[in-house]
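Next come the chains, spelled out residue by residue.
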There are 2 protein chains.
Amino acid sequence: MAFSLPDFLPYLLNQAAEAASREFQSRYRSRYGMLRTEWRVLFHLGCYGELSAKQICERASIHKTKVSRAVAALQAKRYVSRTTDPDDRRREVLSLTRAGKRVFDALQVDAEECEAKLTAVLTPQEQAHLRSSLAKLMHFGS
Amino acid sequence: MAFSLPDFLPYLLNQAAEAASREFQSRYRSRYGMLRTEWRVLFHLGCYGELSAKQICERASIHKTKVSRAVAALQAKRYVSRTTDPDDRRREVLSLTRAGKRVFDALQVDAEECEAKLTAVLTPQEQAHLRSSLAKLMHFGS
DNA sequence: CGCTAACAGTTGCTTTTGTAACTAACAATG
DNA sequence: CATTGTTAGTTACAAAAGCAACTGTTAGCG
């Protein structure tokens, strides 16, 4: 039986992911000069509150050097502040500054618009199925 | 209403795509020293026969510089050969060498194994829905 | 305690990607 | 046919990612 590239899940997933990302990317990039890892870190802090770099790495499965540099960039933009955890001085607790919260709020609106555009091509049932399947695949290797 | 990061499609899609890619990546990387764009180019030629770089760019929506470099790398590995199209001497027609075909055949087996592992976490119906939704999202911006 | 191992995070160096400018070939217009 | 514009593909330079080695801190164990 012939192999079909457009049915190969890693390929299909990647194509869909890139198409979806492009839409949102234009917003955080042009307006705030942020990189992909940067908005992710910002959103993690915005959605879940204070976290250490390590916790972000685990939740998002991003490598620690990427997070480290994203945090440094966000700190340079004054969106994120850090304090050393007094109970474990290796740990740096990250949180959004007021400016960071404002940017998060603004990008949240963009994200919702983007989500609306994407989900518009799917029925509510398709959306539910998609999310459920993606969630299963996401935790694949772990 | 609170924004939920794990329900945000660009994020969810990306996480799932990366998880799925990791599985296959280990194979083409360790065994053939190939990069992501390289296996894609190889598979395009393997699945569809002779193509120009431009055609691969369009089909896979990969930037032309990435394809250019992937083709150069595949040519250096003697997996791909090129001939100038006599009807349009700007055009370079690419095709797999015998060695390239062998590698393609081997990787096809790996791809099918990988696909099987991934689809194992989904029912046949879920798979069908997933593919259909991904296909819709894939052609989003175009 | 003192020693070793593990951990959080950073930095330096290499590889890969992105962007823009380039070459070479064709096409259209006057 | 000259000139201007367009296309296929490459290359040079800058930005970003990956990897390994490093610092500083905590934890375990003799």
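Heads up: the structure comes first, above all this text.
Each value, and the rule that gives it
Residues numbered from 1 in each chain as written. Chains lettered and ligands numbered in written order. Predicted model: local features only at pLDDT ≥ 70, side-chain atom pairs only at ≥ 80, totals over all residues. Heavy atoms only, no water. Near = heavy atom within 4 Å. Polar contact = N/O pair within 3.5 Å; in protein donor to acceptor, adjacent residues only side chain to side chain. Helix = DSSP H or I, 4+ residues; strand = E, 2+ residues; numbered from the N terminus. Nonpolar A, V, L, I, M, F, W, Y, C, P; charged D, E, K, R; others polar. Expected span 1.5 Å × (residues − 1). Contact = heavy atoms within 4.5 Å. Least-squares fit on C-alpha atoms with pLDDT ≥ 70 in both. Pairing = 2+ DSSP bridges. Buried < 20%, exposed > 50% of the residue type's maximum accessible area, 1.4 Å probe, protein only. Phe/Tyr/Trp six-rings, centres within 6.5 Å; stacked < 30°, edge-to-face > 60°. Lys NZ or Arg CZ within 6 Å of the ring centre and 35° of its normal.

A.B. asks: For this particular structure, what's the right way to read the protein's contact with DNA strand C?
C.D. replies: The environment of DNA strand C is made up of 20 residues, and the closest members are A:Lys54, A:Ser68, A:Arg82, B:Arg69 and B:Arg89. Near the protein, within 4 Å, the atoms of DNA strand C are sugar or phosphate in 63% of cases. Take A:Ala53: an N or O atom from its main chain is 3.5 Å from a phosphate oxygen of DNA strand C. Between DNA strand C and the protein, one listed contact pairs a base oxygen with a side-chain N or O atom of B:Arg69 at 2.9 Å. Only helix H3 (53-60) and helix H4 (64-76) of chain A together with helix H4 (64-76) of chain B provide two or more residues apiece to the surface near DNA strand C. A class-by-class count of the residues in the surface near DNA strand C yields two nonpolar, five polar and 13 charged.

A.B. asks: Hey, could you run me through H4(A) in this one?
C.D. replies: Note: α-helices contain 3.6 residues per turn, so residues at a spacing of three or four share the same orientation. Over its 13 residues, H4(A) extends 18 Å from the first C-alpha to the last, a length consistent with the 18 Å expected when each residue adds 1.5 Å. Among the structural elements, helix H2 (36-48), H3, strand E2 (80-84) and strand E3 (92-96) of chain A are those in contact with the buried residues of H4(A).

A.B. asks: Would you mind showing me how to read the side chain of B:Glu38 here?
C.D. replies: The residue B:Glu38 is located in helix H2 (residues 36-48) in this model. Polar side-chain contacts of B:Glu38 include one of 2.7 Å to the side chain of B:Lys77.

A.B. asks: Just checking my understanding: could you explain the relation of the copies chain A and chain B for this structure?
C.D. replies: Each copy of the chain is related to the other by a rotation around an axis and a translation along that axis. Expressed as a screw transformation, the operator carrying chain A onto chain B has a rotation angle of 180 degrees and an axial translation of 0.0 Å, and the superposed copies differ by an RMSD of 0.1 Å. Interpreted geometrically, this transformation is the action of a two-fold axis. Across chain A, the smallest distance between a C-alpha and the rotation axis is recorded for A:Leu130, namely 2.9 Å. Residue by residue, 100% of the interface of chain A is reproduced at the interface of chain B, so both copies engage with the same surface.

A.B. asks: Just checking my understanding: could you explain the sheet that holds E2(A) for this structure?
C.D. replies: Strands in a sheet are paired, the pairing made by backbone hydrogen bonds, and the direction either parallel or antiparallel. All names here are of chain A. Strand order across the open sheet formed by three strands is E1-E3-E2, with antiparallel pairing between neighbours. Two strands lie at the open edges of the sheet, namely strand E1 (51-52) and E2, each paired on one side alone. With five bridges connecting them, E2 and E3 associate as antiparallel partners. The residue of E3 that forms the bridge with Thr84 is Glu92.

A.B. asks: Can you help me understand the environment of A:Gln15 in this one?
C.D. replies: By secondary structure assignment, the location of A:Gln15 is in helix H1 (residues 9-32). Relative accessible area serves as the criterion here: at 5%, A:Gln15 is assigned to the buried category. Every residue in contact with A:Gln15, bar those within four places of it in the chain, is listed here: B:Arg40, B:Arg59, B:Ala60, B:Ser61 and B:Met138.

A.B. asks: Would you mind going over the protein's contact with DNA strand D with me for this structure?
C.D. replies: Close contacts around DNA strand D come from 19 residues, with A:Arg69, B:Lys54, B:Thr65, B:Ser68 and B:Arg82 the closest. Here DNA strand D approaches the protein such that, of its atoms within 4 Å, sugar and phosphate make up 63%. A distance of 3.0 Å separates a base oxygen of DNA strand D from a polar atom in the side chain of B:Lys64. Separating a base oxygen of DNA strand D from a side-chain N or O atom of B:Arg90 is a distance of 2.9 Å. Elements with a contribution of two residues or more to the surface near DNA strand D: H4 of chain A together with helix H3 (53-60) and H4 of chain B. For the surface near DNA strand D, the element with the highest residue contribution is H4(B), accounting for four residues.

A.B. asks: Just to check I follow, could you spell out the sheet that holds strand E1 (residues 51-52) of chain B for this structure?
C.D. replies: The antiparallel open sheet is built from three strands, whose spatial order is E1-E3-E2 (chain B). Only two strands of the sheet have a single neighbouring strand rather than two, namely E1 and strand E2 (80-84) of chain B.

A.B. asks: Please explain the packing of aromatic side chains as it appears in this structure.
C.D. replies: For any pair of aromatic rings, the description rests on two quantities: the centre-to-centre distance and the angle between the ring planes. Per the counting criterion, the structure on display carries 20 aromatic pairs over all chains. Both rings, one in A:Phe24 and one in B:Phe8, keep their centres 5.1 Å apart while their planes meet at 85 degrees; by these two values the pair is edge-to-face. With A:Phe24 in helix H1 and B:Phe8 in the segment before helix H1 (9-32), this pair bridges two chains. Put simply, the rings of A:Phe3, A:Phe8, B:Phe24, B:Tyr28, B:Trp39, B:Phe43 and B:Phe104 pair up and form one aromatic cluster. Over the ring of A:Tyr48 we find A:Arg59; its NZ or CZ atom is 4.2 Å from the centre of that ring.

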